[in-house]
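Reading the structure
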Amino acid sequence: MQVSIACTDHNLKRGNGEHSKQNATSPNVVNQARAKFRTVAIIARSFGSFTPRHISLKESTGKHTGMKYRNLGKSGLRVSCLGLGESLVAEQLMTMAYESGVNLFDTAEVYAGGRRSSLVITTKLYWGGKAETERGLSRKHIIEGLKGSLQRMQLEYVDVVFANRPDSNTPMEEIVRAMTYVINQGMAMYWGTSRWTAMEIMEAYSVARQFNLIPPVCEQAEYHLFQREKVEIQLPELYHKIGVGAMTWSPLACGIITGKYENGIPESSRASMKSYQWLKEKIVSEDGRKQQAKLKELNHITEKLGCTLPQLAVAWCLRNEGVSSVLLGTSNPEQLTENLGAIQVLPKMTSHIVSEIDHILANRPYTKKDYRS
């Protein structure tokens, strides 16, 4: 079924930033492709009046733990710069993380040791049951899916609910209206996106502005030494223009950036399991061997800084000021302790060290501005 979205133009008033709606083009004449094109045109024009005022997002440090806290995008929500990913369910690990200053838990389980107001708990929506109506980002599934998630977690609300991938079968207006509804109902405080393109995020922002709804505050994106383009080029532009921040995951690239695959696939490693055949193929491929060679070259930097390769990799992610928080996917206390140690490495990530790393990796993405200069 073809879905048409009628977009309205904005009359921009430079003096006070107010806008008025003109008559929308008839939905019968505007097909989906033209509607999306107009959406992008609207948001491009609206940057002049609707760009959020400049906010100085100062990083703070916990007195007892040394953990650093940053704003989630340009929202007022303060999150620890290291968070726990959804694979972590052991209460022991959550206790360790909380006592180390972590307040962000991207997980289906709940840590009962801290006050609810001291925690930032997130959940994702998209996949559900097997029925057609139990997946996707329809209004029905967003509301029912979040209610089910809250019941399983025994919570009254989550701090951030994420749309865990785009849904081409659902109109953007329906998605944004449903997210606004669950926030207004007190089921969530904010909403964000995960694995969305910059264009899709901009469309959601435009729809929110057009209909006086709530826009997303952040995007969850994969970010590590070998995956840089989106977080370093696309998201900073969205952050400065519409306030969308970055919460990143997989800082160690599913274990590739740990050093354990330097000499092949150990029998006890994740890549040796049948369910991770794709990871094994990635590691033993030509590109995978080149990546391991580059990681080996980073050893002299880890020796100079007195840290491990995983700590360097996590600190490298944190050195990006556009990243609100890095989600850790460790599965045992030793790994968690090691990764949390990246906080001590962060002050050592000088521009000289970062340049050294860039020289070894030889994969720094360039902006149009770089090319012009």
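Here the structure is a predicted model, which means the values were calculated and not measured. Throughout, a residue's number is its position along its own chain's written sequence, starting from 1. Only residues with pLDDT of at least 70 are given local features in this predicted model, and only at 80 or more are side-chain atom pairs given and counted; all residues enter the totals for whole chains, interfaces and linings. Just so you know, side-chain values use all the structure's heavy atoms and leave hydrogens and water out.

1. Brief notes about the pattern of salt bridges
To be explicit about the condition: Any carboxyl oxygen of Asp or Glu within 4 Å of a side-chain nitrogen of Lys or Arg constitutes a salt bridge here. Numbering of helices and strands runs from the N terminus; a helix is a DSSP stretch of H or I covering at least four residues, while a strand is a stretch of E covering at least two.
If you walk through the whole model with that rule in mind, you get 14 salt bridges. Note that R116 and D159 form a salt bridge whose closest N and O atoms lie 2.9 Å from each other. Taken together, the positions of R116 in the loop between β7 (104-106) and β8 (120-125) and D159 in strand β9 (residues 158-163) put the pair 43 residues apart, joining distant regions of the chain. Among the salt bridges present, the one from E173 reaches R177, with a minimum N-O distance of 2.8 Å. Here R177 and E173 lie together in helix α4 (residues 172-184), a separation of 4 residues that amounts to about one turn. A single salt-bridge network, built from bridges that share partners, covers R228, E232, R319 and D358.

2. Structural notes on the pairing of strand β11 (residues 218-222)
What counts here: Only protein chains enter the accessibility calculation, which uses a 1.4 Å probe. A residue is then buried if its area is under 20% of the maximum for its type, exposed if over 50%, and partly exposed in between. A strand pair is defined by DSSP finding two or more bridges across the two strands. Viewed with both strands pointing away, a crossover whose connecting path from the first strand over the helix to the second turns clockwise is right-handed.
Here β11 lies mainly inside the structure; 4 of its 5 residues are buried. Relative to β11, strand β10 (residues 188-194) runs parallel, the two sharing 2 bridges. Each bridged residue has a counterpart across the sheet, and for S194 the counterpart in β11 is Q220. Chirality of the crossover, the property in question, places the unit of β10, helix α5 (residues 198-210) and β11 among those that are right-handed. Relative to strand β12 (residues 245-249), β11 runs parallel, the two being bridged by 5 bridges. Following the sheet pairing, E219 is matched in β12 by A246. For the handedness criterion, the β-α-β arrangement of β11, helix α6 (residues 229-242) and β12 is classed as right-handed.

3. Quick look at unusual backbone geometry
We note that R195 has phi near 65°; this positive angle belongs to a residue other than glycine. Position of R195 among the secondary structure elements: in the loop between β10 and α5. In this model, S250 sits at a positive phi of 60°, which is unusual for a non-glycine residue. Residue position: S250 is located in the loop between β12 and α7 (277-284).

4. So, the nonpolar core
Worth spelling out the cut-off: To define a nonpolar core, start from buried Ala, Val, Leu, Ile, Met, Phe, Trp, Tyr and Cys residues and group those joined through side-chain atoms within 4.5 Å. Contact between two residues is taken to exist if any of their heavy atoms lie within 4.5 Å; hydrogens are not considered.
In terms of nonpolar packing, the biggest core is built from 89 residues, with L82, L146, W196, L225, L298, M349 and I357 touching the most fellow members. Broken down by element, this core gets its largest block of residues, 8 residues, from helix α10 (residues 309-318). Look past the residues within four positions of L82 in its chain and what remains in contact with it is M67, V102, V314, L318, S325, V326, L328, N339, L340 and I343. Counting residues in hydrophobic clusters, the runner-up holds 11 residues, among them L72, L77, L104 and L327.

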